[in-house]
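# Topology and contacts: notes
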Amino acid sequence: MKKNIYRTAAVVTGLSIAERALGFLYRIVLSRLIGAEGLGLYQVALSVFSVFITLGTGGIPITVSRLISKNKAGGSAKGESGAVTAGLLGSLALTLPVCLIFVLFGSKFTFLFSDERCLSLFSILLIGLVFSSVYAVVKGSFWGNKQFLAPSILELVEESVMVIAGVLLLRGVSDVFEGARLACIAVIISYFVSFSSSAICFFARGGRLSSPRGQLKPLFSSAMPITAVRAGGSLVGSAVAVLLPAMLIRAGATRTQALQMFGVVSGMAIPILSIPSTIIGSISLVLVPELSEDFYRKRFKHMAKNIERGLSTTVLIACTLIPLFFVLGDDVGRVLYSDASAGEMIRKCCFILLPMSLTMISTGILNSLNFEKQTLVFYFIGAALMLGAVLLLSKYIGVYAYPVGLALSYLVCSVCNLIFLCKKCPLPSSLLKKSLIVCALMLPISLIGQFICVALKKYLSAPGAMGLTALAMLAITFVLYFFCHIFSPKPFKKLLFEK
């Protein structure tokens, strides 16, 4: 797997898709078992909890991965194990005090939530904070050693345990709050399983801990900007979980209606629109140690080639999925969630996929090249625009203020990231030309897909028409890509035959 980046990315992507598919199905189950209001309570508590997970881990796993790559390039085995130890100490130092503070003064923090019931849900989730932070560092050590299979399997196991535990616990539950509480308990069970499994796997594979001397300073120097970006993302998510319902209530909605609308956008529409992040995240995961090693070994031509691969693949994936969501978004909401408003939101907001995907891949590339401070600045510019949209536009466009704000944030971040990246590592003009062609092809593909969907609905049920339309659109997409010299079978040949 170390020698074949295509095969590695394919394996990681396959496992990630399986994991996200489970999580996606679980969201559908939750929406049906505990309703939009229960899902809203669960999402609010989870969004606040994600802030503290991010503060406890944030950029530490990816920095541990990069430090291991750096020590490998320098031939220091002791430095590799020291980086892992430094990561564990850093994560524990950031998470244990948080747990202690909430144990002693938890009742003082109801202001963090738009609904006071969420505090007790958050207290349940807090049990898994240390488990999650330790697991994240161990995962980073696997990445640094280019051992992608083990953490991918562990992620899938974690998601599977959460789904199984959640379904078993939620059987027969009728109370909204009780359903949200049991869903949080399922999360804790899954965190404990991933923590214990990763620790066993780490030592069984020969992992060692040693003195972190010489590793703590570079760890925190590199990790803090990444942590700030990710913590900022979690904080912004938590702020939206508080501000958006409040702004909707101010615009005339009741508290229950506001929570239901927030549940639709954050628990139904946005997860669907985040589907490309599964594939883009896998590509970024595989590229980061490769790019870091190229950077430290001064293999700049190879590094530029990998950057071009990552960006071109990202554009291809996003522009393939946008027409699918535009044509089938309404049906997705009705079939999967039995909620027409979720489907309408998916269809109207699908164009967010391209800037979102480019932001994700370009941020990962810049972080791997030691430009964390620049991505931090770009992120906060985008975050300010997103919060401004929620505060100013909720009165006029309701819950759509959130996806519009996300679109503005991703657009600014992706443009700034790419301009900065091109200055540091010039990319061929052919990349821009191919990207523009792919974007232009979205219009005819969407029109053809719309025609096919309408025709099939005359003879088939909604799920059947949706499935056949998706297959037909994908086939047409790849035919057009092939004749426009966008698509090449070369990666698939390498995936299947190159050792």
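Residues numbered from 1 in each chain as written. Predicted model: local features only at pLDDT ≥ 70, side-chain atom pairs only at ≥ 80, totals over all residues. Heavy atoms only, no water.

## Observations concerning the overall build of the chain
On a plain count of helices and strands, the chain comes out with 19 helices and zero strands. Computed over its C-alpha atoms, the radius of gyration of the chain comes to 22 Å, within 12% of the 23 Å expected for a compact globule of 499 residues. Considered along the principal axes of its C-alpha atoms, the chain spans approximately 65 × 65 × 40 Å. The buried share of the chain, reckoned over its 499 residues, is 53%. Put simply, of all contacts in the chain between residues at least 6 apart along the chain, 83% involve residues at least 24 apart. Surface accessibility of the chain: about 21,700 Å² in total, with carbon and sulfur atoms responsible for 69%. Distance from the positive charge centre (44 side chains) to the negative charge centre (20 side chains) of the chain: 11 Å. (Helix = DSSP H or I, 4+ residues; strand = E, 2+ residues; numbered from the N terminus. Rg over C-alpha atoms; globule rule 2.2 N^0.38 Å. Buried < 20%, exposed > 50% of the residue type's maximum accessible area, 1.4 Å probe, protein only. Contact = heavy atoms within 4.5 Å. Areas by Shrake-Rupley, 256 points an atom, 1.4 Å probe, with all protein chains shown as cover. Lys, Arg positive; Asp, Glu negative; His and termini not counted. Charge placed at Lys NZ, Arg CZ, Asp CG, Glu CD.)

## Section: the packing of helix α2 (residues 35-56) against helix α4 (residues 77-105)
Where α2 contacts α4, the axes come no closer than 8 Å and their chain directions differ by 145 degrees. Across the interface between the two elements, F52, L55 and G56 from α2 touch S91, L94, T95, V98 and F102 from α4. The residue inventory of the contact of α2 with α4, partitioned by class, reads five nonpolar, three polar and no charged. (Axes fitted to C-alpha atoms, helices over the stretch in contact; angles between N-to-C directions. Nonpolar A, V, L, I, M, F, W, Y, C, P; charged D, E, K, R; others polar.)

## A closer look at the nonpolar core
Counting 113 residues, the largest nonpolar core has Y42, L244 and I307 as its most contacted members. Residue contributions to this core peak at 15 residues, all from helix α12 (residues 300-337). (Core = buried A, V, L, I, M, F, W, Y, C linked by side-chain atoms within 4.5 Å.)

## Observations regarding the environment of F148
By secondary structure assignment, the location of F148 is in the loop between α6 (129-144) and α7 (149-169). Among the residues examined, F148 registers a relative accessible area of 5% and is labelled buried. Sequence separation of F148 and G166 is 18 residues, and the distance between their C-alpha atoms is 27 Å. Apart from the residues within four sequence positions on either side, F148 is in contact with T8, V12, W143, L285, V286 and P289.

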